[in-house]
Amino acid sequence: MAGVELLSDQGFRIDGRRPHELRKIECRLGVFRQADGSAYIEQGNTKVLAAVYGPHEVRGGRGKALHDKVVVNCQYSMATFSTGERKRRPRGDRKSQEMTMHLQQTFDATILTTLYPRSQIDIFVEVLQADGGNYCASVNAATLALIDAGIPLKDYVCASSAGFVRDTALVDMNHLEESSGGTELIIATLPKSQQIVFLEMNSRLHEDNLSAVMDRAVAGCTDVYNVLDTAVRDHVGETAAAIGGDAA
Amino acid sequence: MRDVPISNCEREFLLAIIAEKKRVDGRQPTDLRQVKIQFGSNFGSCEVSFGKTRVLATVSSEVAAPKQRRPNEGILFVNVELSPMGHPSFEQGRQTEESVELNRLMERCLKESRCVDLESLCIVVGEKVWTVRVDVTVVNQDGNMLDCASIAAIAALAHFKRPDVTVKGQEITIHTSDERDPIPLSIHHMPLCVTFAFFHQGKFLLIDPQEREERVTEGKMVIGMNKHREICMLQVTGQMLLHQDKVKQCTKMAFVKVVEMTELIQEALANDKTARSKGEKCGFAMSSEKEINTTVSPAKLVEDVSKTDLPMSSDSDSGSEQEMVEAGPQERPVGDSPKVVGKGVAIIGSAAVKKWEEEEERVKGDKKGKKKKEASVKEASVKGQQSRPQASAYF
């Protein structure tokens, strides 16, 4: 889209953020009663719900059960009202299938799968409002939901996106910045060890700029981790107080 | 047909030799297989083979209405099909995970990198544009379909020529190839994909994995680059954890391969051009090799076995040798000669570690444990007489 300046001369983006600033993150754990674990996250205007069921017996016959690991089953769905134009297919189209696969691979690498052989963990993600960073918000929401469900993980999985405009790397792109045609790098890491679980990049980017963008994205993941960790500790503190035990 | 799972022996063997930086077909970890690019007699058809993996790409064009959001650009469709002839597990019509992944990666590599100039495909703004369709078919799957498919698609796009069009006011005339020469597409750059397969928690990597190697890999990284050092597409998939430095290392390696491949494509295109201008016959029929399976066995295999004095009669020996050879040429590792163990039994190479003894000991250990348990139950319970026959029934 011509005429829309993604980065002004003073270094401000369209929504007034600086290049290294994330959008406002608000999250809640334990939003559903039925699911074993659930979470709701808002990153700017992107709103995502996640629910986790499991570990439970493998559905769909014993044929799909793995003898030494748990089967991680994901479903990524976008509500029909989530985008600007009404979405005709909430799930099942190629992009959703690709997202589902990526989520499944990300969590297969993070959950301690050898602890629950012959079982299945379901992760359901629903995007209520899509304003860029859908995958990132989904991963963050699913992490919180898994923590709420008490499923052991190697570490939090935090995801963040980064772009490159006018020789500056921007973190946490919204829909307008994404669709302007510039590069977008989506990364999911384990923040403490800085290991990359998932990495995806679209559009042209010169090799020399790759480090700058990756570093910015990884820094973004660390910032997301700080926010999520605070939220989890607050939630645990509240729950413990409600039960009547000592939070410490 | 359901895929035959890889056996544990083979899996362990492959992982062990990869840890020693060796490969089954003798390549170096960063070597590609033999790449062949052949063009068909029609403009826009190309077949690429990486060793035994063969992929066919065809480009066709049609006039249609443009998308509403981009009225002055043509449309590019990319479709990758896994033909059932490629692998026993490919089924007609079923969209497996693998096929979705392949399609999306190809789409991202070609469409989102803007390699083809779509604005030049516009005929009348908002009404008529050219839609270019790339259909890629995997004819034989022996590992690394993506790299092969990306080269085939780009080469086909570079080879393709669309009909010439003249616009006079409201009239649009599409000229046939007899009236006016067809025009090639304008391609800005050639994004090619390189696949890296990781093993042993990301410690060892291989470029251009074969089908067997792909089965035991923990994760893959796909880098789409062009020769101007621009990364067009990057994706890390699988269940492994990587470090940032690994990614940067791989981009450097990928660049070397991409430059090699781009040169090869340019060379192939130039050869095809000269062949056509000279009026020589061109096309798949001329350039494909004949692959004929004969019963004539290579002398080597038969000689090696006959060196050792096997007590069995030579007739039955050569008969079994013949069968072995007809099944397919098997490359034996150099320096491994058969060791005769007994009458009619020979070993070639070394097998995996025998774990049966461990298993027997474990079972014995279990049984001892059970005996002790039974004894304690006997003492604790009142019905001593009844439990004894139970214990003896086990052993």
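The rules we used
Residues numbered from 1 in each chain as written. Chains lettered and ligands numbered in written order. Predicted model: local features only at pLDDT ≥ 70, side-chain atom pairs only at ≥ 80, totals over all residues. Heavy atoms only, no water. Buried < 20%, exposed > 50% of the residue type's maximum accessible area, 1.4 Å probe, protein only. Helix = DSSP H or I, 4+ residues; strand = E, 2+ residues; numbered from the N terminus. Pairing = 2+ DSSP bridges. UniProt positions renumbered as here; feature names shortened; annotations may be inferred. Patch = residues over 30% accessible without salt bridge, like charges linked within 9 Å, V, L, I, M, F, W, Y side chains within 5 Å. Areas by Shrake-Rupley, 256 points an atom, 1.4 Å probe, with all protein chains shown as cover. Salt bridge = Lys/Arg side-chain N within 4 Å of Asp/Glu carboxyl O. Lys, Arg positive; Asp, Glu negative; His and termini not counted. Charge placed at Lys NZ, Arg CZ, Asp CG, Glu CD. Core = buried A, V, L, I, M, F, W, Y, C linked by side-chain atoms within 4.5 Å. pLDDT = per-residue confidence, 0-100. Contact = heavy atoms within 4.5 Å. Buried area = accessible area lost by both parts, 1.4 Å probe. Polar contact = N/O pair within 3.5 Å; in protein donor to acceptor, adjacent residues only side chain to side chain. Phe/Tyr/Trp six-rings, centres within 6.5 Å; stacked < 30°, edge-to-face > 60°.

A. Up close: the pairing of strand β8 (residues 183–190) of chain A. Residue and element names in this part refer to chain A. With eight of eight residues buried, β8 lies mostly within the body of the structure. Burial of the side chains of β8 extends over both faces: Thr183, Leu185, Ile187 and Thr189 are buried on one face and Glu184, Ile186, Ala188 and Leu190 on the other. Of the strand pairs in this sheet, strand β6 (residues 158–165) and β8 are connected by seven bridges, and their pairing is antiparallel. Across the sheet, the residue bridging to serine 160 is isoleucine 187, located in β8. Two strands pair when backbone bridges link them, and β8 and strand β9 (residues 195–206) are joined in this way by seven bridges, in the antiparallel orientation. Pairing of isoleucine 186 across the sheet is with glutamate 200, part of β9.

B. Main features of the UniProt feature "domain: Exoribonuclease phosphorolytic" (unreviewed entry) in chain A. The positions UniProt marks with the feature "domain: Exoribonuclease phosphorolytic" (unreviewed entry) are residues 21–152 and 155–219 of chain A. Secondary structure content for residues 21–152 of chain A is 25% helix and 33% strand, while the C-alpha to C-alpha distance between its ends is 30 Å.

C. Structural view of a positive patch on the surface. Side chains of A:Lys95, B:Lys67, B:Arg70, B:Lys111 and B:Arg114 sit close together on the surface and give a patch of like positive charge. Take B:Arg114: it is sitting in the loop between α2 (97–110) and β5 (122–124). The partly exposed category is assigned to B:Arg114, whose relative accessible area is 46%.

D. Expanded view of the nonpolar core. Within the largest apolar cluster, 137 residues are counted, with the highest numbers of intra-cluster contacts made by A:Phe107, A:Ile123, B:Phe196, B:Met221 and B:Leu234. B:Ile18, B:Ala197, B:Phe204 and B:Leu206 belong to the second largest nonpolar core, which has eight residues in total.

E. Up close: the confidence of the model for chain B. Residue and element names in this part refer to chain B. Per-residue pLDDT for chain B has a mean of 78; in total, 74% of the residues score no lower than 70. Counting interchain partners and residues more than four positions distant, the pLDDT-below-50 stretch residues 297–334 has 25 contacts. This prediction of the complex comes with two scores: 0.77 for pTM and 0.85 for ipTM.

F. Expanded view of the interface of chain B and chain A. With 38 residues of chain B in contact, the opposing surface of chain A contributes 34 residues. Between chain B and chain A, the buried area comes to about 3300 Å², and carbon and sulfur atoms account for 50% of it. Sorting the residues of chain B by area buried against chain A places B:Arg104, B:Leu241 and B:Gln244 first, and these three jointly supply 19% of that buried surface. The residue B:Arg229 makes a salt bridge to A:Glu207 at a minimum N-O spacing of 2.8 Å. There are 14 residue pairs in polar contact (both at pLDDT 80 or more) connecting chain B and chain A. Counting residues per element, the ones that place at least two in the side of chain B that touches chain A are β4 (75–82), α2, β14 (230–238) and α5 (244–278) of chain B. It is β14(B) that contributes the most residues to the side of chain B that touches chain A, nine residues altogether.

G. Summary view of the packing of aromatic side chains. Residue and element names in this part refer to chain A. This model, assessed by the stated rule, comprises three aromatic pairs over all chains. Pairing tyrosine 53 with phenylalanine 124 gives two aromatic rings, centres 6.0 Å apart and planes at 70°, and the pair type is edge-to-face. You can see tyrosine 53 sitting in strand β3 (residues 46–57) and its partner phenylalanine 124 sitting in strand β5 (residues 119–129), a full 71 residues away along the chain. Overall, the relative accessible area of 31% leaves tyrosine 53 in the partly exposed class. On the basis of relative accessible area, phenylalanine 124 is assigned to the partly exposed category, the value being 30%.

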